[in-house]
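Descriptive structure summary
Each chain, written out:
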Amino acid sequence: MSRLSTTLEALAKTGRKALIPFVTAGDPYPEFTVPLMHAMVVAGVDIIELGVPFSDPMADGPVIQRASERALAHKMSLRRTLLLALEFRRTNQTTPLVLMGYLNPIEAMGYEEFANAAQRAGVDGILTVDLPPEEGTQCAELLKARDIDPIFLLAPNSSVERIQKMDTVGSGYLYYVSLKGVTGAGHLDIASVQTKVAELRLHTQLPVAVGFGVKDAATAKTIAGLADGVVVGSALISKIEGNLDSPEQAKKEIIELLASMRLAMDTLGA
Amino acid sequence: MTENYTMPDARGHFGPYGGMFVAETLIPPIQELNAAYQHYLGDPDFIAELDKDLQYYVGRPSPLYHAERWSRELGGAQIYLKREDLNHTGSHKINNTVGQALLAKRMGKTRIIAETGAGQHGVATATVAARLGLECVVYMGAVDVTRQSLNVYRMKLLGATVVAVESGSKTLKDALNEALRDWVTNVDNTFYIIGTVAGPHPYPAMVRDFQAIIGRETKQQCLDATGKLPDALVACVGGGSNAIGLFYPFINDTQVAMYGVEAAGDGIETGRHSAPLSAGRPGVLHGNRTYLMADDDGEIIETHSISAGLDYPGVGPEHAWLKDTGRAHYASITDNEALEGFYALTRMEGIIPALESSHAMAYTMKLAPTLRPEQTIIVNLSGRGDKDMQTMAKREGIEL
């Protein structure tokens, strides 16, 4: 069983929900990322999503676009992101790590070489935004053969047929995009998330993580009441952007925000 | 292979190219669009309305003009120009926007978005949106907003909102990214009119089908004028919509050579160009697999061309397929060569071509002398040069 499934099952047994931060690899500079990942683990996160910078992040809002641009300015790439993953794994063999990005860097590397490299780097899941299952079975099979979970997105307008398809091809967890829009958008509708997550549950046994639009501890707590995991990205990256002259301050604010989310999520019903 | 050409397959693949590489939120609207498109393609009412608009609003058929003086001067093949520059709004772009806007109307969409490079597609979109009373937002790279300010003003006059895109390289590819972000946010009421034969399925096939009227007319006009099919077709290729529009009805006529002309910018060897078919590699961008300008890490690299309409790092997937199969040939023309083509047509025939089309003219100047006088070249004059007056005047040091 993959490290992701083990972690999510253990959480489910204790009734806790997964806190899943997303940060862009190499933002604001490459040496910042691995110490931040370790600090986030100490702050109580369960899974880390590491964004692979891409020149044309079509599904991302301005905050994550600029994070990509900062990282690319430091020559960050898929290969160097895998090196950061490897470095993280040297001292952490337990926290699952998911790479999230776009297809073209993987195409450039070659699917098989990428799958091998991801396995060597100790990566546990791959979420490729612009690779729907129709086009992605070859890549998904290569990953699954190496105990890496291909993670797929579902959206508010996904049909039952789509949900069933993701349940078949996906593993690890399903990532429910809480709104029609790009990352960091501001119009999260809790009632519709509740309805849709309930619909997903009818068609899949996979854990469901919800992201896009989670900004603070209160939202994290509400989402944790509906889903198995809460993904927070743009809100963290905003801390980096707000403290470009002081990365240590950025790290401190990220950890504080995650710690407040952890606390709120662990006092569900309180 | 091209004897009975049926590309793409049901899922939008041209061999290894094309496809549907988009985020999940866009899958439902793309499926909805594909279903509507397939339905209306076979609907006589829709086709009749489209034909009527093409005739009375766009001004079709566009003439096939024998450039006799230029042909004599070059001393080779007879050159015929397909006059898409004479269409309403000044380029071939309107053939497609009229079609997609009618589709939007039938689908009950109330809001139109588009991306644009040179502004020709933006103007053609704003035009049909004005006519149908639809809200229209056009995304345009900030760099292009500056170099094509005349078209920006035209779009605004037509009632469109023009959004200057400041991300990335601030050109056409970034405008496309931003339009996709808008679409993902407003999928319920919005129709995205893509201007070229790129994007996710069904766009490459749909835009081709709307532009194929260029080639269908050309075939008949050429037979009427010369009694035979042409020996060669020439068209510029950015995303490739005017080229595929001309080529498509000739694909099974394997005796007709087809030449797509990419923008070599400062020269292929300088790396500052927009010629993915000539010097790129296959990859995935904007919803399809095709030849791209990307580095070893798969990051898209910045392109360069004097013409904003060719300044794009990808190319329609069908062109990628036609290249690999050898059915079409792809060459490239530098900025300076394109300018020679621009001046040649202007002074030899009294027709000022768009800088995009000037690339096709420049290639024709190389090709024509290699053929015999009884042979025929048809060049797609995809747009007129009015929009480029500022760029040209500036190059000549003239303040307008």
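Residues numbered from 1 in each chain as written. Chains lettered and ligands numbered in written order. Predicted model: local features only at pLDDT ≥ 70, side-chain atom pairs only at ≥ 80, totals over all residues. Heavy atoms only, no water.

1. Quick word on the interface of chain A and chain B
- Taken together, the contact pairs 37 residues of chain A with 37 residues of chain B.
- Approximately 2,900 Å² of surface area, both sides summed, lies buried where chain A meets chain B, with 48% of it carried by carbon and sulfur atoms.
- For the interface between chain A and chain B, the tally reads 5 salt bridges.
- Note that Glu107 of chain A is salt-bridged to Arg289 of chain B, the shortest N-O span being 2.5 Å.
- Linking chain A with chain B are 18 residue pairs in polar contact (both at pLDDT 80 or more).
- Of all the secondary-structure elements, those providing two or more residues to the side of chain A that touches chain B are helix 3 (62–73), helix 5 (103–109), helix 7 (133–144), strand 6 (153–154) and helix 8 (160–169) of chain A.
- Residue classes in the side of chain A that touches chain B are distributed as 19 nonpolar, 8 polar and 10 charged. (Contact = heavy atoms within 4.5 Å. Buried area = accessible area lost by both parts, 1.4 Å probe. Salt bridge = Lys/Arg side-chain N within 4 Å of Asp/Glu carboxyl O. Polar contact = N/O pair within 3.5 Å; in protein donor to acceptor, adjacent residues only side chain to side chain. Helix = DSSP H or I, 4+ residues; strand = E, 2+ residues; numbered from the N terminus. Nonpolar A, V, L, I, M, F, W, Y, C, P; charged D, E, K, R; others polar.)

2. Quick word on the sheet that holds strand 6 (residues 135–141) of chain B
Residue and element names in this part refer to chain B.
- The strand order across the open sheet built from 4 strands is 7-6-5-8, with neighbouring strands paired in parallel fashion. Lying at the two open borders of the sheet, with one neighbouring strand each, are strand 7 (161–165) and strand 8 (190–192). Each strand axis lies, on average, 25 degrees off the axis of its neighbour in the sheet, ignoring direction.
- Bridge count between strand 6 and strand 7: 5 bridges; the pairing is parallel. Bridge pairing in strand 7 places Met140 opposite Ala164.
- The sheet contacts of helix 5 (residues 120–132) involve strand 5 (111–116) and strand 6, and relative to strand 5 the element is tilted by about 165 degrees. (Pairing = 2+ DSSP bridges. Axes fitted to C-alpha atoms, helices over the stretch in contact; angles between N-to-C directions.)

3. Here's the deal with the pairing of strand 4 (residues 125–128) of chain A
Residues and elements named next belong to chain A.
- Neither face of strand 4 is left uncovered, since the one carrying Gly125 and Leu127 and the one carrying Ile126 and Thr128 both have all their residues buried.
- Note that strand 3 (residues 97–101) and strand 4 share 4 bridges and pair parallel. Bridge pairing in strand 4 links Met100 to Leu127.
- Bridge count for strand 4 against strand 5 (residues 149–151) is 3 bridges, and the pairing is parallel. Residue Gly125 lies in a different strand from strand 5, and its bridge partner there is Asp149. (Buried < 20%, exposed > 50% of the residue type's maximum accessible area, 1.4 Å probe, protein only.)

4. Focus: the domain arrangement of chain B
Residue and element names in this part refer to chain B.
- Per the domain assignment, the segments making up chain B are domain 1 (13–54 + 93–207) and domain 2 (61–90 + 212–395).
- Once you take the C-alpha centre of each, domain 1 and domain 2 turn out to be 22 Å apart.
- With both chains or domains summed, domain 1 and domain 2 bury close to 3,200 Å², and 59% of this area falls on carbon and sulfur atoms.
- On inspection of domain 1 and its partner domain 2, the count reaches 1 salt bridge.
- One salt bridge connects Arg147 with Asp311, and the closest N-O pair in it is separated by 2.7 Å.
- Summed over the shared surface of domain 1 and domain 2, the number is 14 residue pairs in polar contact (both at pLDDT 80 or more).
- Where the side of domain 1 that touches domain 2 is concerned, the elements lending two or more residues are strand 2 (17–21), helix 4 (93–106), helix 5, helix 6 (142–147), helix 7 (149–157), helix 8 (172–185) and helix 9 (203–211).
- Tallied by class, the residues present in the side of domain 1 that touches domain 2 amount to 20 nonpolar, 16 polar and 5 charged. (Domains from an automatic or database assignment.)

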